[in-house]
Amino acid sequence: MKKLINSPDNVVKEALAGMAAAHPDLLTVSYDPDIIVRADGPVKGKVGIISGGGSGHEPMHGGFVGMGMLDAACPGAMFTSPVPDQMLAATKAVDGGKGVLHIVKNYTGDVMNFEMAAEMAAAEGIEVAAVVTNDDVAVKDSLYTAGRRGVGVTVLLEKIVGAAAQSGADLAEVKRIAEKVNAQGRSMGMALTSCTVPHAGKPSFELPDDEMEIGVGIHGEPGRRRVKLASAAEIAEMLATPIVEDLPFASGDHVLAFVNGMGGTPLIELYLMYNELNTILKAKGITISRNLVGSYITSLDMAGCSFTLLKLDDELTKLWDAPVHTPALRWGV
Amino acid sequence: MHITAAHVITFIERVAATVKEQRDYLTQLDSAIGDSDHGVNLDRGFSTVITKLPGVADKDIGAILKTVGTTLVSTVGGASGPLYGTAFLRAGMATGDRFELGPADLIAALEAALEGIQSRGKSTRGEKTMIDSIGPGIDALKQANAADEDFLSAMRIGLAACEAGMQATIPMLATKGRASYLGERSIGHQDPGATSAFLMAKAMLEVAEGIS
């Protein structure tokens, strides 16, 4: 394992200290419980928006704390859901009197820890609503299973819902928009390499040079199937087709296309993949009217990418375009 | 058999030591079908629990178990934090302010723990989780105890069933937890949660053997 670390035990805390030092204008970090809070929060009269999850997915979620996006983020240990104490502290820190929305990715641990935190917050008289993202089409959905993972849509949802809250929407309205974004978005990812969790010291799975994993999540877990390495055009097809067929997206639709890097893939390859995605969607009569290209929801040093498509209408487009000022996303200000 | 608060403390210490010893093994099981953190997370939680034990050394068994539960909830994270945390909290509620437990009390505490895990995880047997080793273990323990088996032998029978349940997770298709994302590929691997639960049950028997 070759990493820029001092000790596996201190990676999360030392990275948080770095974020605090780099962005004092946008956020403050407090420890035990570890939370990242918007510097000018709580914003009075605004619904608070918090999210959280295991560390190792940076910039998600801490990099999205700031004006027009998250009011707080709860970073767990590496790839491990944060604990309820963190979400409770964050909920209290961002409560501006209009209630707090929890954005939760659909993983067993995340869901349970957020649920426990919501129970505690309710006991303290804070109104909490939650939205659970589950956009990964690689996972079979069923009432009898843990269901689909929350992946790329989470980033888009945090931006859009953050804008809605910033514009003064109440908790019920913010939750409605959150559920709409989740319902209209789908994702799928692939990996060229595994990733190395600092504590484990070696890659989470072995992947020969001529093979790739299709349908991976964001925790170094293997995907749905392993296949021979293919061209970018073929890989784009393997990711885009299940997404388009699942919602389904249809000719005439306008979408936000998000090509995301898994952490170890250079931007030039992501743009190359965006070009492939653009070609595929054009042929299907689907118009990309907004896009995001870059590594925003990552899996440590994993090489690979994911596609996310979000069906847009005027409401979502306007919220996507609204000003945002966070360490990782900034426009309009 | 009389289980005292001091025995409960010894049990917790033994679990903490086992988790530390088996940390890499549990993490390795988890890397096959999960996200490579089970051993690390439990070790972090029980290491913190150990620092809290002196503060409850003179307290009743309920207080000890509840302290273990809240500490696990606050430090472990992932799915195992809420699950094991809830298990110890519910066991603590079941034992209440007693300083000594008999066989029936222990069985009631274990059943409360299992119920807590099932309701928090919205899961049931056969989904490739910790429930698949704990459930059969408690069933066998109860049955043997009801059949007037000496309680220590009943615990041995329970542990054997718990171990068999753990091994039975190998051919199972996961439908709950992170392993479920692998679909068919989850088959052929032993569940890390069922394994850590078996290790805790084993620690319990070892402490009981020291009592009798």
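Residues numbered from 1 in each chain as written. Chains lettered and ligands numbered in written order. Predicted model: local features only at pLDDT ≥ 70, side-chain atom pairs only at ≥ 80, totals over all residues.

J.: Outline the overall build of chain A, supporting the account with residue identities and numerical values.
T.: Within chain A, the secondary structure is distributed over eight helices and 14 strands. Relative to a compact globule of 333 residues, whose C-alpha radius of gyration would be 20 Å, chain A shows 19 Å and is just as compact. Principal-axis analysis of the C-alpha atoms gives chain A an extent of 55 × 50 × 45 Å. By the burial criterion, 58% of the 333 residues in chain A qualify as buried. Counting only contacts in chain A whose residues sit at least 6 apart along the sequence, the fraction spanning at least 24 positions is 72%. (Helix = DSSP H or I, 4+ residues; strand = E, 2+ residues; numbered from the N terminus. Rg over C-alpha atoms; globule rule 2.2 N^0.38 Å. Buried ≥ 20, exposed ≤ 12 C-beta atoms within 10 Å, placed from the backbone. Contact = placed C-beta atoms within 7 Å.)

J.: Break down the domain arrangement of chain A for me, with residues and values.
T.: Residue and element names in this part refer to chain A. As assigned here, chain A comprises domain 1 (10-184 + 320-331) and domain 2 (185-313). Relative to domain 2, the C-alpha centre of domain 1 lies at a distance of 23 Å. Taken together, the 24 residues of domain 1 in the interface contact 31 residues of domain 2. Counting only elements with at least two residues in the side of domain 1 that touches domain 2, the list comes to α4 (153-166) and α5 (171-184). Top contributing element to the side of domain 1 that touches domain 2 by residue count: α4, with four residues. In terms of residue class, the side of domain 1 that touches domain 2 is made up of 14 nonpolar, six polar and four charged. (Domains from an automatic or database assignment. Nonpolar A, V, L, I, M, F, W, Y, C, P; charged D, E, K, R; others polar.)

J.: Quick rundown of unusual backbone geometry? Include the residues and the values.
T.: The residue after M60(A), namely H61(A), is reached through a cis peptide bond having omega -5 degrees. Along the polypeptide, H61(A) turns up in the loop between β3 (48-55) and β4 (72-78). Note that the residue after L247(A), namely P248(A), is joined by a cis bond; omega there is -5 degrees. One non-glycine residue, F79(A), adopts positive backbone phi at about 60 degrees. We note that D148(B) has phi near 65 degrees; this positive angle belongs to a residue other than glycine. Looking at where D148(B) falls in the secondary structure, it is placed in the loop between α7 (131-146) and α8 (151-168).

J.: Tell me what's going on with the interface of chain B and chain A, and back it up with residues and numbers.
T.: With 26 residues of chain B in contact, the opposing surface of chain A contributes 32 residues. Listed by contribution, the elements that provide at least two residues to the side of chain B that touches chain A are α2 (23-33), α3 (38-56), α4 (61-75) and α5 (80-95) of chain B. Element by element, the count of residues in the side of chain B that touches chain A is highest for α4(B), at three residues. Of the residues assigned to the side of chain B that touches chain A, the class counts are six nonpolar, 14 polar and six charged.

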